[in-house]
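Structural overview for review
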Amino acid sequence: MRPVIRGGRPTDDQEHDIKFCDYVNARGELIRRMGEYCSYCEMHLDASLAVEHVQPKQPRGVDLVDQERALNWDNFLLACTNCNSTKGDTNINLDEYIWPDRDNTFRALKYSEGGIVSYGIDGEIARKAINTIKLTGIDKTPKDTKASDRRWFNRREAWDIAMRSRNRLANNDNNYFREQIVDTALANGFWSVWMTVFKDDSNMLSRFLQAFPGTCQKCFDAENGYNAVARQGGQC
């Protein structure tokens, strides 16, 4: 899960905070800052990418929409249909989970061959990472999900493409081909897959970090092969 920087509230030409009368109006600014990617599964989408409320705007069992949550910029992320519907309207304690806008979520999760997602760090953070995986369902495979949920299929395909790209680069290493790999990753999505497959190539890691909009580059130590480090002020 890519650690992202959503940034402060958007402002107008007079530097006044923009007040959204409808949360869907924040979609364009969120995409401009973080790209057309689901904040949870990292799938690249366009038309079906929705404004996601970290805390549900209408929690289960509540009759009315909480307008503060519904229109609060700091409560917005982006999500695909499957992550959004799986997460649902559960009222949650934010501190019991890890979040792409608060933590180094890449450090806390593990991506493996075949597009498998699991927790990647021990201790208290592992428990919170597992909570996040369960909340969003990003570890689901065909045996425990509906056919309409293409997240695992697409992530596995991204893994295979990244592996082929790495193998071809070994036989044809030049700047042009490295740029082509980045373009492929941007169009395909699943940033964490590309970062994992190319984990031993610091040049490619640097390119992925810079190319994907809104990635928190401070979550990676440039002087030590871009190893994932704890996010400043965050849990992991």
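Overview of the structure. (Residues numbered from 1 in each chain as written. Predicted model: local features only at pLDDT ≥ 70, side-chain atom pairs only at ≥ 80, totals over all residues. Heavy atoms only, no water.)

Examining the overall build of the chain
Secondary structure assignment for the chain yields nine helices and six strands. Taking 236 residues into account, the globule formula puts the C-alpha radius of gyration at 18 Å, and the chain, at 18 Å, falls close to it. A principal-axis box enclosing the C-alpha atoms of the chain has dimensions of 60 × 50 × 35 Å. The buried share of the chain, taken over its 236 residues, is 46%. Partitioning the contacts of the chain with sequence separation of at least 6, the portion at a separation of at least 24 is 66%. Between the mean site of the 32 positive side-chain charges and the mean site of the 34 negative ones, the chain shows a separation of 5 Å. (Helix = DSSP H or I, 4+ residues; strand = E, 2+ residues; numbered from the N terminus. Rg over C-alpha atoms; globule rule 2.2 N^0.38 Å. Buried < 20%, exposed > 50% of the residue type's maximum accessible area, 1.4 Å probe, protein only. Contact = heavy atoms within 4.5 Å. Lys, Arg positive; Asp, Glu negative; His and termini not counted. Charge placed at Lys NZ, Arg CZ, Asp CG, Glu CD.)

A few points about helix 6 (residues 151-171)
Taking 1.5 Å of rise per residue, 21 residues should cover 30 Å, and helix 6 covers 31 Å from first to last C-alpha, within 8% of that figure. Of the residues making up helix 6, those classed as buried are Arg151, Trp152, Arg155, Ala158, Trp159, Ile161, Ala162, Ser165 and Leu169. (Expected span 1.5 Å × (residues − 1).)

Things to note about the nonpolar core
Residues Tyr40, Ile138, Phe198 and Phe208 are the most contacted members of the largest nonpolar core, which totals 63 residues. The residues touching Ile138, leaving out its near neighbours within four places in the chain, are Met1, Tyr40, Cys41, Cys83, Leu109, Val117, Ile133, Arg151 and Arg155. (Core = buried A, V, L, I, M, F, W, Y, C linked by side-chain atoms within 4.5 Å.)

What about the packing of helix 6 against helix 7 (residues 175-188)?
Two numbers describe how helix 6 lies on helix 7: the axes approach to 11 Å, and their chain directions differ by 180°. Considering their axes alone, helix 6 and helix 7 lie roughly antiparallel with respect to each other. Two secondary-structure elements touch here, helix 6 through Ala158, Ile161, Ser165, Arg168 and Leu169 and helix 7 through Phe177, Arg178, Ile181, Thr184 and Asn188. Looking at side-chain class alone, the contact of helix 6 with helix 7 contains five nonpolar, three polar and two charged residues. (Axes fitted to C-alpha atoms, helices over the stretch in contact; angles between N-to-C directions. Parallel < 35°, antiparallel > 145°, perpendicular 65-115°, else oblique. Nonpolar A, V, L, I, M, F, W, Y, C, P; charged D, E, K, R; others polar.)

Here we look at helix 1 (residues 27-34)
Within helix 1, the full set of buried residues consists of Leu30, Ile31, Arg33 and Met34. Taken down its axis, helix 1 places every buried residue within 165° of arc, on the same side. Tucked into the core, helix 1 has its buried residues touching strand 1 (50-53) and strand 2 (76-79). In the segment just after helix 1, Gly35 is the residue with positive phi, at about 85°. (Arc of directions from axis to C-beta.)

Here we look at the packing of aromatic side chains
Taken as a whole and judged by the stated rule, the model has 12 aromatic pairs. Where Tyr37 meets Phe212, the ring centres are 5.2 Å apart and the plane angle is 45°; that geometry is what we call tilted. A residue pair is termed long-range when its members are at least 10 positions apart, and Tyr37 in the loop between helix 1 and strand 1 and Phe212 in the loop between helix 9 (202-211) and strand 5 (220-221) qualify at 175 residues. Pair check on accessibility: Tyr37 and Phe212 agree, each one buried. When the ring of Phe198 is compared with that of Phe208, the centres are 5.7 Å apart and the planes differ by 70°; the resulting orientation is edge-to-face. With Phe198 in the loop between helix 8 (191-197) and helix 9 and Phe208 in helix 9, this residue pair connects regions lying 10 residues apart in the sequence. Of the two residues, Phe198 and Phe208, both sit in the buried class. Lying over the aromatic face of Phe153, Arg150 brings its terminal NZ or CZ to 4.5 Å of the ring centre. (Phe/Tyr/Trp six-rings, centres within 6.5 Å; stacked < 30°, edge-to-face > 60°. Lys NZ or Arg CZ within 6 Å of the ring centre and 35° of its normal.)

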